[in-house]
Amino acid sequence: MGFKRPECLTKESMHYCPGCGHGIIHRLIAEVIDEDYKENKIIGVAPVGCAVFIYDYFNFDFVAAAHGRATAAATGVKRSIPDALVFSYQGDGDIAAIGTSEVIHAATRGENFTAIFVNNGVYAMTGGQMAPTTIPGQVTVSSPYGRDPKVQGYHIKLCEMLVPLDGVAFVARTSIHNLKNIEFTKKAIKRAFELQMNNEGFSIIEVLSNCPTNWGLSPCESMKRIENEVLKYYSLGIFKDKGRGI
Ligand code: SF4
């Protein structure tokens, strides 16, 4: 695709902090849509969190959901317009905390849409508090001595929780900390959208991303932190692909 701006991205400047991974993930979604779904109706569901303004950055329709309810909203949208490509875009505070119930039930029912789950390990928009995804030892503003599993419990592994559910067609965890993994993320988005358009059921891609602002690191250091620290707790891969018998 090169450096040309994908056609389905607007010319709006993104509000994200410098070096934030959201811009990379938006671009990957846009590239997949430009390549494969230009003629399709596309509807996104926006979260509450740093990506709340995602609807400003794409040239197609979005629904803004209440906090954590994006998978419930996406269920309604997809059932109303089954031919549309529908995806929710949610951070870890949204999908893996307040929205845990919604995602588990949408996945269990086999709702035929794709959830794109951006995991940066903190509640980023509200100032970097500990999230369910915060890894052991990680210092946040609400776990100043580092997350201690004996006190604050372990980090949640949403992908691993969803794999056994019959309604789930595709589960992958990817990352954007280097070019190889950015490419892998794009392939996973492509495959999830493909399975959705084949009516295979629920699909989810968890993308390990960075939050240089709340991690107190430079953009480059934050990418290295994913590689050196976050990957010890969150393994990457395609955990389920119904179409390929995985
Ligand atoms: S606070 Fe973190 S996740 Fe939010 S826009 Fe800034 S860098 Fe990105």
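Residues numbered from 1 in each chain as written. Predicted model: local features only at pLDDT ≥ 70, side-chain atom pairs only at ≥ 80, totals over all residues. Heavy atoms only, no water.

1. Comments concerning the site of the ligand
- Neighbouring residues of the ligand: Tyr16, Cys17, Cys20, Cys50, Asn120, Ala124, Cys211, Pro212, Thr213 and Asn214.
- By residue class, the composition of the shell around the ligand is seven nonpolar, three polar and no charged. (Near = heavy atom within 4 Å. Nonpolar A, V, L, I, M, F, W, Y, C, P; charged D, E, K, R; others polar.)

2. Examining unusual backbone geometry
- In this structure, Asn199 is a non-glycine residue whose phi angle is positive, near 60 degrees.
- Relative to the helices and strands, Asn199 resides in the loop between α7 (179-197) and β8 (202-208).
- When its relative accessible area of 59% is taken as the criterion, Asn199 is described as exposed. (Helix = DSSP H or I, 4+ residues; strand = E, 2+ residues; numbered from the N terminus. Buried < 20%, exposed > 50% of the residue type's maximum accessible area, 1.4 Å probe, protein only.)

3. Observations concerning the UniProt feature "domain: Thiamine pyrophosphate enzyme TPP-binding" (unreviewed entry) in the chain
- Residues annotated in UniProt with the feature "domain: Thiamine pyrophosphate enzyme TPP-binding" (unreviewed entry) correspond here to residues 56-207.
- Here residues 56-207 is 37% helix and 23% strand, with 21 Å between the C-alpha atoms at its ends. (UniProt positions renumbered as here; feature names shortened; annotations may be inferred.)

4. Looking at the pairing of strand β1 (residues 42-46)
- Counting buried positions along β1 gives five out of five residues, so the element sits mostly inside the fold.
- Taking every second residue as pointing to the same face, both faces of β1 are buried, with Ile42, Gly44 and Ala46 on one and Ile43 and Val45 on the other.
- Judged from the four bridges that link them, β1 and strand β3 (residues 85-91) form a sheet pairing that is parallel. When the bridges of β3 are listed, Ile43 appears paired with Val86. (Pairing = 2+ DSSP bridges.)

5. What to know about the sheet that holds strand β4 (residues 114-119)
- Spatial strand order, β2-β1-β3-β4-β8-β7-β9: seven strands in an open sheet with mixed pairing. The open sheet is flanked by β2 (61-64) and β9 (237-241), the only strands paired with a single partner. In this sheet, adjacent strand axes meet at a mean angle of 15 degrees when their direction is disregarded.
- As paired strands, strand β7 (residues 168-175) and β8 are joined by seven bridges and run parallel to one another. Across the sheet, residue Thr174 finds its bridge partner in β8, namely Val207.
- Where helix α1 (residues 22-36) meets the sheet, its contacts fall on β1, β3, β4 and β8, and the angle it forms with β3 comes to roughly 175 degrees. (Axes fitted to C-alpha atoms, helices over the stretch in contact; angles between N-to-C directions. Contact = heavy atoms within 4.5 Å.)

6. Some thoughts on helix α2 (residues 70-80)
- All buried positions along α2 are accounted for by Ala70, Thr71, Ala74, Thr75, Val77 and Lys78.
- Residues of α2 that are buried sit in contact with β1, β2, β3, α3 (92-98), α4 (100-109) and α7.

7. Concerning the nonpolar core
- Core analysis: the biggest nonpolar cluster contains 45 residues, and Ile29, Ile33, Phe58, Phe87, Tyr89 and Phe193 have the highest contact counts within it.
- Of all the secondary structure elements, the ones that give two or more residues to this core are α1, β1, β3, β4, β7, α7, β8 and α9 (219-228).
- Sequence-distant contacts of Phe193, that is, excluding residues within four places in its chain, are made with Ile29, Val32, Ile33, Tyr37, Leu85, Phe87, Thr114 and Ile116.
- In terms of nonpolar packing, the next biggest core, distinct from the first, is built from 24 residues, Ala107, Phe113, Ile156 and Phe202 among them. (Core = buried A, V, L, I, M, F, W, Y, C linked by side-chain atoms within 4.5 Å.)

8. Digging into the packing of aromatic side chains
- Counted by the stated rule, this structure contains 10 aromatic pairs.
- The interplanar angle of 85 degrees and the centroid separation of 6.3 Å between the aromatic rings of Phe53 and Tyr55 together place this pair among those described as edge-to-face.
- Feature note: the residues Tyr37, Phe58, Phe60, Phe62, Phe87 and Phe193 constitute an aromatic cluster, connected by ring pairs.
- The cationic tip of Arg225 hangs over the ring face of Trp215; the distance from NZ or CZ to the ring centre is 4.3 Å. (Phe/Tyr/Trp six-rings, centres within 6.5 Å; stacked < 30°, edge-to-face > 60°. Lys NZ or Arg CZ within 6 Å of the ring centre and 35° of its normal.)

9. Some thoughts on the pairing of β4
- Burial runs high along β4: six of the six residues are buried.
- Burial of β4 is two-sided: the residues Thr114, Ile116 and Val118 facing one way and the residues Ala115, Phe117 and Asn119 facing the other way are all buried.
- Both β4 and β8 contribute to a ladder of six bridges, which runs parallel. By the bridge assignment, Val118 is partnered in β8 with Val207.

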